[in-house]
Amino acid sequence: MFGRHTSENFTKLLVKLLSSLFPPWPKKLLGVSTDGEPLNTGRVGGIVTKLFRKLELPGIRVWCAPHQLDMVVKKVISDIDGGDWVKLAYS
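Numbering of residues starts from 1 in each chain and follows the order in which that chain's sequence is written. Per-residue local features of the predicted model are confined to residues with pLDDT of at least 70, and side-chain atom pairs are confined, for both listing and counting, to 80 or more; whole-chain, interface and lining totals are unaffected and use all residues. Computation of side-chain values: all heavy atoms of the structure, hydrogens and water removed.

## Digging into the overall build of the chain
Thought 1: Elements are defined by DSSP. Helices are runs of H or I of four residues or more, strands are runs of E of two residues or more, and each kind is numbered from the N terminus. Counting its regular elements, the chain contains six helices and two strands.
Thought 2: With the radius of gyration taken over C-alpha atoms, the globule rule is written as 2.2 Å times the number of residues to the power 0.38. On C-alpha atoms alone, the chain measures out to a radius of gyration of 18 Å, which is more than a quarter above the 12 Å that the 2.2 N^0.38 rule sets for 91 residues.
Thought 3: Principal-axis analysis of the C-alpha atoms places the extent of the chain at approximately 50 × 30 × 25 Å.
Thought 4: By the convention used here, residues are in contact when the closest approach between their heavy atoms is within 4.5 Å. Taking as baseline every contact in the chain between residues at least 6 positions apart, the subset at least 24 positions apart corresponds to 54%.
Thought 5: When the accessible surface of the chain is split by element, carbon and sulfur atoms take 65% of a total near 6900 Å². Computed by Shrake-Rupley with a 1.4 Å probe, the accessible areas treat only the displayed protein chains as cover when residues are assessed.

Right, dumping it as structure tokens:
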């Protein structure tokens, strides 16, 4: 995995890992949780899309709830006084 961070490289690595740990994974994997990053969830070339093509059953995509909460909190913090109040609180 020393090449570029492409969905193709990540997918190959993930398939290799899953196949090493549990060879019948394409029959058993039900779903994947991601952070919503396009590299992961892209409709054509995302990691999850490529991974789901290898499954025998339809998979379920779920956005990671803690990551969603983190994105909301960061947005709110930056909207309040440009985030300066957080720097002041922690100084």
